[in-house]
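# Summary of structural features
Here is how the chains run, residue by residue.
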Amino acid sequence: MRKTLTLIAATATSILLVPVAQAKPLGILENVATTTAIEVDGMAEAAWDAAPVLSVVLDQTPYKPNNGYEGITKTTMTVRSMHDDKNVYFFLEWDDPTESLNRYPWMKQSDGSWKQLANKDDTGHDNTYYEDKMSILWNIDVKAFDKKGCGAACHMAKGGKQKGRDDKAPGRKYTKPGTTLDMWHWKGVRTNPNAQIDDQFIDDNTDPEKNKGWGRHGDHKTGGGYKDNIADGKPAFVQADLAADATVIFESQKMPFSSDMDEIKRIPGIVTSAFSGSRGDIAAKGVWKDGKWYLEISRPLVTSGEKADVQDVQFNDLKKTYSFGLSIFDNSQINHVYHNGVLNMVFK
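All values reported here derive from a predicted model rather than from experimental measurement.

## Observations regarding the nonpolar core
Judged by nonpolar contacts, the single largest core of 33 residues is most densely connected at Phe-90, Leu-92, Met-134, Trp-138, Trp-184, Ile-297 and Phe-315. When residues of this core are traced back to their parent elements, those giving at least two are strand S4 (54–58), strand S5 (75–83), strand S6 (87–95), strand S9 (133–139), strand S14 (181–187), strand S24 (292–300), strand S25 (322–329) and strand S27 (343–347). Once residues lying within four places of it in the same chain are set aside, the contact partners of Trp-138 are Phe-90, Leu-181, Asp-182, Trp-184, Val-313, Phe-315, Tyr-322, Ser-323, Phe-324 and Met-345.

## Remarks on the environment of Phe-250
Within the secondary structure, Phe-250 sits in strand S19 (residues 249–250). With 24 residues separating them in the primary sequence, Phe-250 and Tyr-226 have C-alpha atoms 9.2 Å apart. Not counting residues within four places of it along the chain, the set of residues in contact with Phe-250 comprises Pro-193, Asn-194, Gln-239 and Thr-272.

## Quick look at the pattern of salt bridges
Within the structure shown, the criterion is met by 13 salt bridges. The shortest N-O distance in the salt bridge between Asp-207 and Arg-165 comes to 3.4 Å. Taken together, the residues Asp-207 in the loop between strand S15 (198–202) and strand S16 (216–218) and Arg-165 in strand S12 (residues 165–166) connect sequence positions 42 residues apart. For Arg-165, a relative accessible area of 33% puts it in the partly exposed group. Bridged by salt links that share partners, the residues Arg-103, Glu-131, Arg-190 and Asp-228 form one connected network.

## A word on the state of the cysteines
Enumeration over the complete set of coordinates arrives at zero disulfides. This cysteine, Cys-150, is not joined by any disulfide, and Cys-154 carries the nearest cysteine sulfur, 6.3 Å off. With a relative accessible area of 3%, Cys-150 lands in the buried category. The exposure class of Cys-154 is buried, given its relative accessible area of 1%.

## As for the sheet that holds strand S22 (residues 270–276)
Read from one edge to the other, the open sheet built from three strands follows the order S17-S22-S19, with strand pairing classed as mixed. Each having just a single partner strand, strand S17 (223–228) and S19 make up the two edges of the open sheet. In the sheet, S19 pairs with S22 via two bridges, with the strands oriented parallel. Residue pairing in the sheet places Phe-250 in a bridge with Thr-272 of S22.

## Remarks on the confidence of the model for the chain
In the predicted model, the chain carries a mean pLDDT of 92, and the fraction of residues at 70 or more is 93%. Predicted confidence is poor over residues 1–23, with pLDDT under 50, and the contacts of this stretch with residues over four places away or in other chains come to 115 contacts.

## Here's the deal with the packing of aromatic side chains
All chains considered together, the criterion is met by 16 aromatic pairs. On the numbers, 5.7 Å between centres and 50° between planes, the contact of Phe-90 with Trp-138 is tilted. Here Phe-90, found in strand S6, pairs with Trp-138, found in strand S9; they are 48 residues apart in sequence, far enough to count as distant. Looking at Phe-90, the relative accessible area reads 1%, which means it is buried. Directly above the ring of Tyr-226 sits Arg-190, whose terminal nitrogen or CZ lies 5.0 Å from the centroid. Directly above the aromatic system of Phe-237 lies the positively charged group of Lys-254, at a separation of 4.1 Å from the ring centroid.

About the cut-offs
Residues numbered from 1 in each chain as written. Predicted model: local features only at pLDDT ≥ 70, side-chain atom pairs only at ≥ 80, totals over all residues. Heavy atoms only, no water. Core = buried A, V, L, I, M, F, W, Y, C linked by side-chain atoms within 4.5 Å. Buried < 20%, exposed > 50% of the residue type's maximum accessible area, 1.4 Å probe, protein only. Helix = DSSP H or I, 4+ residues; strand = E, 2+ residues; numbered from the N terminus. Contact = heavy atoms within 4.5 Å. Salt bridge = Lys/Arg side-chain N within 4 Å of Asp/Glu carboxyl O. Disulfide = S-S within 2.5 Å. Pairing = 2+ DSSP bridges. pLDDT = per-residue confidence, 0-100. Phe/Tyr/Trp six-rings, centres within 6.5 Å; stacked < 30°, edge-to-face > 60°. Lys NZ or Arg CZ within 6 Å of the ring centre and 35° of its normal.

Encoded structure:
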């Protein structure tokens, strides 16, 4: 099967903040049928040449971090989509001059101690020692999304408060009562090594005591996931034959950290394994090359996991229009580049 890294000019979008009323869709993604077996590896099969290209400009950011954010403030993303009788596929490309995978690494100091690198801004979030990410937000039953796009779920703090609570975060995600959105969150460090997207959803919760992420949750999982590699102020685990530029410790290969490991100078800040259950529904692989990310995605047209009817968009009607939004995070925890308005996908 011929594989190519197509260099189509990209136009990027986002899924986050600043509601903007808009009657017409920003763009339409035409999803075409294919009979070709798609290998999800971040490389475009020749079959992708038949898929129409939607280009979206991402040129909005929600806030200005006070710790010297040097990430992208404008880029272009291209999106193509296909489907067969079981799965829906996406191929996304966007310009990013740096591959950023240095998420909270542990560095050995001259006195033999270990320090975890971080540089958080006044909201408590990092954009120096983090990772590249991408999000797609799909509407399930939020009426305002069809006009506002992602802004229907993203709410900016006012005067340092959110829903009457003191809150340092510049914005929070939640929906109106009884409604949900499906959130696909690709993470360059935490999920890409496992060839997955973190399958999440947004509901109407506004009580941080019930969920610290407010309306944002992970789908139901039966195993796997990621966690910080820390115990008592030191790395918790290392890995045999750890490469100097390793981005993660794999759960299946981890071994206890010992402070006498003199030959190791850097240890990743994340331990990871593949999700099982509904949270692992989405296969994805990102490849960075020559200043661009190439991301290939596959998910069943219809999912059947626990609470799939309220947590996942279901592509069970190929005559229906599906609204969505896009965003990218350039080595940033919450600051991102996004588009105003809404995008629509139609099956052809």
